[in-house]
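Tertiary structure, described
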Amino acid sequence: MTQAPLRIGTRGSPLALAQAHETRARLMAATGLPEDAFEIVVIRVTGDAVQDRPLSQIGGKGLFTKEIEEALLAGDVDLAVHSMKDMPVAQPEGLSLDCYLPREDPRDAFVTLTEHAGLADLPEGAVVGTSSLRRRAQLLARRPDLRVVEFRGNVQTRLSKLAQGVAEATFLAMAGMNRLGYADVPARPIPPDAMLPAIAQGAIGVERRTDDARVAEMLALIHDRDTGLRLAAERAFLAGLDGSCQTPIAGLAEIEGDRLRLRGEILQPDGSRVMADDCTGPLEEGADIGGVMACRMRREAGPDFFAAWS
Ligand SMILES: NCc1[nH]cc(CCC(=O)O)c1CC(=O)O
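Now for a look at the structure at hand. Small disclaimer: the values here were computed from a predicted structure and weren't measured. (Residues numbered from 1 in each chain as written. Predicted model: local features only at pLDDT ≥ 70, side-chain atom pairs only at ≥ 80, totals over all residues.)

Moving on, we come to the site of the ligand. Taken together, Ser83, Lys85, Asp86, Leu172, Ala173, Ala175, Gly176, Gln201 and Gly202 are the residues near the ligand. Elements that contribute at least two residues to the shell around the ligand include exactly strand 8 (169–173) and helix 7 (174–180). Across the shell around the ligand, the residue classes tally to three nonpolar, four polar and two charged. Residue-level mapping places the shell around the ligand at the junction of two domains, with at least three residues from each of domain 1 (1–102 + 203–223) and domain 2 (108–189). (Near = placed C-beta within 6 Å. Helix = DSSP H or I, 4+ residues; strand = E, 2+ residues; numbered from the N terminus. Nonpolar A, V, L, I, M, F, W, Y, C, P; charged D, E, K, R; others polar. Domains from an automatic or database assignment.)

Take a look at the structure:
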């Protein structure tokens with residue numbers, strides 16, 4: 001008897017579909033099962049349906065995941081593929097998220113159709129487009145003279161806004177462009193020291209029902225250990241700061257030999273204050289490193305720092 005195909009739930013955006021196809025390819029390679037053992041099921045989500053308002057106004061993290069998690073819990077799909085950057089730190093009862101694919105480039109990129117080589121070269125008062133609270137705060141911290149305008153939509157939409165002169169530059173995740181194969185997008189990666197990326201940027205997670213042993217076994221085959229160690233630190237840092245999409249937080253963990261290094265940053269939304277920290281510890285202790293760093297930064301920042309967040 002043949003088994004019914006495993007249904008892989010995903011959003012319908014080009015990037016989400018690329019991530020679902022990568023997940024299926026890895027599952028096929030790891031299990032030896034044929035392509036038709038897996039079916040990609042597109043699920044419509046609130047975050048995609050609303051294009052005309054900033055995400056922070058419609059609600060934070062969860063906008064891209066709620067409907068997919070409901071489909072998973074209802075048994076309409078068996079796995080769900082997510083950009084980990086968009087995932088809340090805790091999953092609903094009954095779901096587990098402990099499978100990560102090898103991480104893509106976590107850096108942000110500076111994207112412009114002009115000759116300006118980077119943020120520092122933009123003329124006084126230049127307009128930049130981004131809908132990310134983190135990127136906005138980081139930009140204004142370095143260049144308070146810039147004007148930030150709301151920029152949503154996929155890579156193509158953002159590029160055509162640049163072509164129309166709506167803004168001189170925008171910022172995108174390298175991971176998205178690499179996964180979509182957009183080699184010709186005029187994007188220059190920004191070193192993490194200049195712009196620390198979002199927590200978990202560039203990482204894909206595969207969620208499942210906690211009690212689905214068959215899927216758990218398959219996902220264990222494709223889990224990338226290094227990505228797991230890094231995300232444990234970054235997500236513990238986020239959890240310790242009580243973060244959501246509404247909060248300008250950045251963080252990046254990297255493996256340096258047998259040590260894990262975590263850099264973190266919190267900002268005021270207008271860029272008027274920035275706090276940064278840098279911590280190194282044993283590879284397997286990411287969750288502690290992230291938690292301790294969050295605690296320390298909370299204390300040093302003081303309650304006023306967080307008042308603007310609510
Ligand atoms: N918030 C949307 C989102 N979620 C994940 C990515 C990029 C890919 C990734 O970080 O894995 C993007 C777009 C962007 O920030 O440019």
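Here we take up the nonpolar core. Membership of the largest hydrophobic core comes to 73 residues, with the highest contact counts inside it found for Leu79, Ala109, Leu172, Ala233 and Phe237. Examining the composition of this core, we find that six residues originate from one element, helix 9 (residues 225–240), more than from any other. Beyond its immediate chain neighbours, meaning those up to four positions away, Ala109 contacts Phe171, Leu172, Met174, Met177, Ala187, Arg188, Pro189 and Ile190. (Core = buried A, V, L, I, M, F, W, Y, C linked by C-beta atoms within 7 Å. Buried ≥ 20, exposed ≤ 12 C-beta atoms within 10 Å, placed from the backbone. Contact = placed C-beta atoms within 7 Å.)

Here we take up unusual backbone geometry. Although it is not a glycine, Ala200 adopts a positive phi angle of roughly 70°. For Ala200, a count of 27 C-beta atoms within 10 Å translates into the label buried.

Here we take up the sheet that holds strand 9 (residues 187–189). A sheet is described by the order of its strands in space; here five strands give the open sequence 7-6-8-5-9, paired in mixed fashion. Either end of the sheet is taken by a strand with one partner, and the two such strands are strand 7 (147–149) and strand 9. Looking at each pair of strands side by side, their axes are set apart by 30° on average, direction ignored. Bridge count for strand 5 (residues 108–112) against strand 9 is three bridges, and the pairing is antiparallel. Residue Val111 lies in a different strand from strand 9, and its bridge partner there is Ala187. Against the sheet, helix 5 (residues 133–142) engages strand 5, strand 6 (127–129), strand 7 and strand 8, with an angle of about 170° to strand 7. (Pairing = 2+ DSSP bridges. Axes fitted to C-alpha atoms, helices over the stretch in contact; angles between N-to-C directions.)

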